[in-house]
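Topology and contacts: notes
Chain by chain, the residues:
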Amino acid sequence: MDKILEGLVSSNHPVHVKKAIIKKVVEAAEKAVTEEQCQAMFTLTTHLILLGEDAFQKQVGFQVLEAYARYHRPEFERYFSKDFVLGLLQQGYGELHHKDPAIIDFIHSCLRLLISCPSVLEIFSVIQVEVLRMVCERPDPALCARLSTLLSDFVQCIPKDKTGGLFCQQLVRTISYFQCFANEEQELREYVNQVTRASTLLQNIWKTDPATLLPSLQEVFSIISSTELTYEPSIALACLVQHIPVQMITVLIKSLTTDHSVKDTNMTKALCRMIDWLSWPLAHNVDIWVIALLKGLAAVQKFTILIDVTLLKIELVFNRLWYPIVRQGALAVLSHMLLSFQHSPEAFHLDLPKPEEDEIKLVLNQSAWTSQSNSFAPGFLRQSGKSETGKTGLVNLGNTCYMNSIIQTLFMATDFRRHVLSLNLNGSERLMKKLQLLFAFLAHTQRAAYAPKNFLEASRPPWFNAGSQQDCSEYLRFLLDRLHEEEKTIQVLQSSEPKEVSADDRNDNGPKSPDEHVPSLTPTDCDSRTLIEKTFGGKLITGIRCMHCNSISEKEEPFTDLSLAFCPPVTSADTGPVEGPMVGPMLHCQGSVNGGSENPESGPVKSPASSVSIVPVMSEPPLSVPDLVNYFLAPEILDADNAYFCEKCVSLQRAERTLKMVSAPEYLILTLLRFAYDAKCHVRRKILDNVTIPALMRLPVHTHIPRPSSTSLQEDSPECTENLAKKLKPSQNDEEERIDGAVQDTSVQSVPYVLCSVVMHSGLSSESGHYYSYGRNVCEVDGTQHLANCLSLKDDNRADCIPSCSSLAVSHEQGNTSSPSGHSDKDWLLFNDSRVTYASFQSVQNITNRFPKDTAYVLMYRKQEIPGKNVNGTGVANGMRMNAEPPLQKELLDAIIKDNKLFLQVRNIDILANSYCVVKSTYNMVSKLYYKGPISQSKVS
């Protein structure tokens, strides 16, 4: 053996000598008998392969290893164990570092020889753990390529289950660290080959386990969109694109461009780095992904990103045209960038004959940013600039989605919109005037999206910080309160004007200026209620009955919205009170229409020591809006610390509080209290429970409340009205007391309501997330006819029906409609800031099932009048229903016409100014590539 080793010291022997040496070594490996000989032979082969000085020694080592494994399989299996492999991967071999690619080659060769042995399974488990560790250490391209080859040949070594996705993510990040410093062609080819082997491994893993694809793509975007990296990601990431199914482009790009958590700076950085990928020689489909992302950004009107990226990268893309291997992809991207860049002629100024106008329009209409849609299909430039719905969006002015969603909800309240537009407010600078102007622009502007800057400044609550996310329900209450108080002030001024100003004074002072003009908000009728009260105002009666003397104290309270709490988790009577904070139902009013917050401010939260008994209300999941309304109207027991001070008994007594609706609003606003205070963590958490939203609902309204002569009526004390006890179901004894006292002798009618708007909140807290809304036009004709077809008037509208809120089911035989609400899917619209698209009622109902963080927050229902019915003495005669849109006043019409002319002029000027430069630059580019000179008019023809 020593003589053989001496013969291997030099590789300068003739060929016949080398063959003789190899033959002797192989024979020695075959004849090894003793334990010492077998171990020495294994050590020899390992030494030759890992520490050989030249290729000849390594060749001898591999041939001897193969002979040794064939003739001494048990010994080879014993020496090449999992502990030996673990030592190689963690400590190396002798002077050889553990990150040397030769170690991976040696293990690879040994696994091929040991594949049929049972012990190889233990080695596979060791390698599964070690390759994940090695990838996390960011190996160089050579070592990563050897690892990829090993794992491709022995898929049993690839990490599985949860570690499989982590391995793919770390391998993607490792590829992003690859850098090539070679200048020779052979070295460049080797580098490309190494990257290809790593990407092929990822492709095989994605095919075998598709669940690892999405985490890998998320890691890719996280890398290329980061603005905080200490290194520039390698363009070798481009090799991964060709392995992503092209069918996923539409879904992935739409999800990416509509993700509000992605900042514009990150999107700009990601797009720039993807364009850099065009330099990678063998990557396919990079141009398809880049163009798809450009179109996706155009579809969501991210024009600032497109302009910045175009100006930054157009020169680089143009320079790639000189390299044939990447020319095709670069040309496709360059053509799209030039043809869609209609912002300014900054990117190109070249002298060419002017093309025909028809050619300009054809090319521009197919490529303009404003013609792109979420489907990324080619389209044509719309003349109006609006979406196919014909509705106008609202520009997000910096976390103003809370305002945009509320404005669109009010705009879709047809009767309210029509009354606002019909008001005579000439010369007024008040908030109602600004709302009227905003509604007029939403109805008649030619813009795809209107920027409500003036209305934002006028309507934003003083405590709202500009640029910060806010609570849309809080904004809605503040807005309605402002409009209500403003109109009340005007009514006072109008009523006092004849008494304070004489005819002589008016003749002497002359006409008033426009600023002094007092607008009329109630031009024809003598009803003193404000427009807000007429539209959204209802009335509740809070009654407190002393259970000792049966005396009743009642107080009437107006409201504009009902804040519906979720039923808290309860325990059985013997387990004690509920742990944690209780968020009870509350009534929010403001002034005459007073507001409040979600957290109970009128009474302290009950502590665990409270003696209030809990009688759970059993309801099967999921909850529905009628469930929450019934919970709001359920009676509550005042006892112990919450005991009621009865003026008749002159002492604290056990009492029952009830809520009755005595006046139903034209538009019922319901706010779901989804943000509850967590006393343990001292934060407000969002309740993500799904709530079923019925398209049709009936509300119990008490139209007449007879009282026994022996029952005294008292004014409720402030202490009792402000104390919000936990909602309770009365006991059987309490029921008997109410029957004996004739308290429940009331007349109840079920008032039908139809859903017209829903504001959704996407996110996990009130201080963050995003608001958007669904809306539908609800007119008198279709709503009344549909209810007449769907409701059984004899059964559902009886005077003696059960006094509870319930949804109205629609049978399939009625109406011949495809949607549960009885209307076609295109009746519903999705308002997402500047974007307005068609939606369906199924989308509204299933939103939380599809996106768990997206939940209904504010709902608006419209009261429907049944032919032959007149609930509460209200109906069409109250003047709230208008059958058509009112004509615009001259001042509003002039403002809209002026803005539309300006918008169309600017758009036409931009098109005419840019189209010539865009098309002629494209012609010139093609001439340089293919004609080696300017294109003549004949060639163009």
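None of the values given here were measured: they were computed from a predicted structure.

Further remarks concern unusual backbone geometry. Phi is positive for Arg138, which is not a glycine, with a value near 55°. Residue position: Arg138 is located in the loop between α8 (120–136) and α9 (141–153). Looking at Arg138, the relative accessible area reads 24%, which means it is partly exposed. Look at Asp161: it is not a glycine, yet its phi comes out positive at around 60°. Tracing the backbone shows Asp161 in helix α10 (residues 161–176).

What follows is about the packing of helix α20 (residues 414–422) against helix α21 (residues 431–444). With their axes 9 Å apart at the nearest point, α20 and α21 run at an angle of 115° to one another. Considered as vectors, α20 and α21 are oriented roughly perpendicular to each other. Remark: the crossing between α20 and α21 carries left-handed chirality. Here Phe416, Arg417, Val420, Leu421 and Ser422 of α20 come into contact with α21, specifically with Met432, Leu435, Gln436, Phe439 and Ala440. Per-class residue counts for the contact of α20 with α21 are seven nonpolar, two polar and one charged.

Our focus in this paragraph is the confidence of the model for the protein. Confidence in the prediction for the protein averages 74 pLDDT; 67% of positions are at 70 or higher. When the criterion is pLDDT under 50, residues 349–353 qualifies, and its contacts beyond four places in sequence or with other chains add up to nine contacts. Counting interchain partners and residues more than four positions distant, the pLDDT-below-50 stretch residues 500–519 has 14 contacts.

On to a nonpolar patch on the surface, then. Among the surface-exposed residues, Leu282, Trp322, Tyr323 and Ile325 lie close enough to one another that they form a single nonpolar patch of about 450 Å² accessible area. Mapped onto the elements of the fold, Tyr323 is located in the loop between α16 (303–319) and α17 (324–340).

This brings us to the environment of His243. Its location among the elements puts His243 in the loop between α12 (213–225) and α13 (249–257). A residue is classified by how much of its surface remains accessible, and His243, at 17% relative accessible area, is buried. For the pair His243 and His284, spaced 41 residues apart in sequence, the C-alpha to C-alpha distance is 8.7 Å. Residues within four places of His243 in sequence aside, it is in contact with Ser199, Thr200, Gln203 and Trp206.

Compared with an ideal rise of 1.5 Å per residue, which puts 16 residues at 22 Å, α10 spans 24 Å between its outermost C-alpha atoms and is within 8% of the ideal. Every buried residue belonging to α10 is among Gly164, Gly165, Phe167, Cys168, Gln170, Leu171, Val172, Arg173, Thr174, Ile175 and Ser176, and all of these are buried. In this structure, the buried side of α10 is in contact with α8, α9, α11 (185–208) and α12.

Right, let's get into the nonpolar core. Residues Phe80 and Leu111 are the most contacted members of the largest nonpolar core, which totals 109 residues. Examining the composition of this core, we find that nine residues originate from one element, helix α15 (residues 286–299), more than from any other. Non-local contacts of Phe80, meaning those with residues more than four positions away in its chain, are made with Phe42, Val85, Phe106, Ile107, Cys110, Leu111, Leu114 and Ile123. Counting residues in hydrophobic clusters, the runner-up holds 51 residues, among them Tyr402, Leu425, Leu435 and Leu442.

For the structure on display, the rule yields 22 salt bridges. Residue Arg460 pairs with Glu457 through a salt bridge whose shortest N-O separation is 3.1 Å. Judged by its relative accessible area of 55%, Glu457 is exposed. For Glu636, the salt bridge goes to Arg657, with nearest N and O atoms at 3.8 Å. Within this pair, whereas Glu636 is found in strand β8 (residues 636–638), its partner Arg657 is found in strand β11 (residues 655–663), the two being separated by 21 residues in sequence. Each member of the pair Glu636 and Arg657 is classed as buried. The network of salt bridges with common partners includes Lys99, Glu130, Arg133 and Glu137.

The next point concerns the side chain of Thr174. Checked against the element boundaries, Thr174 lands in helix α10. A polar side-chain atom of Thr174 sits 2.9 Å from the main-chain carbonyl oxygen of Val135. With sequence-adjacent residues up to four places away left out, Thr174 is seen in contact with Val135, Arg138, Pro139 and Cys144.

It is worth spelling out the packing of helix α14 (residues 264–276) against α15 at this point. Packing of α14 against α15 leaves a shortest axis separation of 10 Å and a crossing angle of 155°. Comparing their axes, α15 and α14 come out roughly antiparallel. For the element pair α14 and α15, the recorded crossing hand is left-handed. Within the contact between the two elements, α14 uses Met267, Leu271, Met274 and Ile275 and α15 uses Val286, Trp289, Val290, Leu293, Leu294 and Leu297.

Throughout the structure, instances matching the rule amount to 20 aromatic pairs. Judged by centre distance (6.2 Å) and plane angle (40°), the ring pair of Phe124 and Phe154 falls under tilted. Taken together, the residues span a long stretch of sequence, with Phe124 in helix α8 and Phe154 in the loop between α9 and α10 at a distance of 30 residues. Owing to a relative accessible area of 6%, Phe154 belongs among the buried residues under this scheme.

What counts and what doesn't
- Residues numbered from 1 in each chain as written.
- Predicted model: local features only at pLDDT ≥ 70, side-chain atom pairs only at ≥ 80, totals over all residues.
- Heavy atoms only, no water.
- Helix = DSSP H or I, 4+ residues; strand = E, 2+ residues; numbered from the N terminus.
- Buried < 20%, exposed > 50% of the residue type's maximum accessible area, 1.4 Å probe, protein only.
- Axes fitted to C-alpha atoms, helices over the stretch in contact; angles between N-to-C directions.
- Parallel < 35°, antiparallel > 145°, perpendicular 65-115°, else oblique.
- Left-handed = near helix turned anticlockwise from the far one by under 90°.
- Contact = heavy atoms within 4.5 Å.
- Nonpolar A, V, L, I, M, F, W, Y, C, P; charged D, E, K, R; others polar.
- pLDDT = per-residue confidence, 0-100.
- Patch = residues over 30% accessible without salt bridge, like charges linked within 9 Å, V, L, I, M, F, W, Y side chains within 5 Å.
- Areas by Shrake-Rupley, 256 points an atom, 1.4 Å probe, with all protein chains shown as cover.
- Salt bridge = Lys/Arg side-chain N within 4 Å of Asp/Glu carboxyl O.
- Expected span 1.5 Å × (residues − 1).
- Core = buried A, V, L, I, M, F, W, Y, C linked by side-chain atoms within 4.5 Å.
- Polar contact = N/O pair within 3.5 Å; in protein donor to acceptor, adjacent residues only side chain to side chain.
- Phe/Tyr/Trp six-rings, centres within 6.5 Å; stacked < 30°, edge-to-face > 60°.

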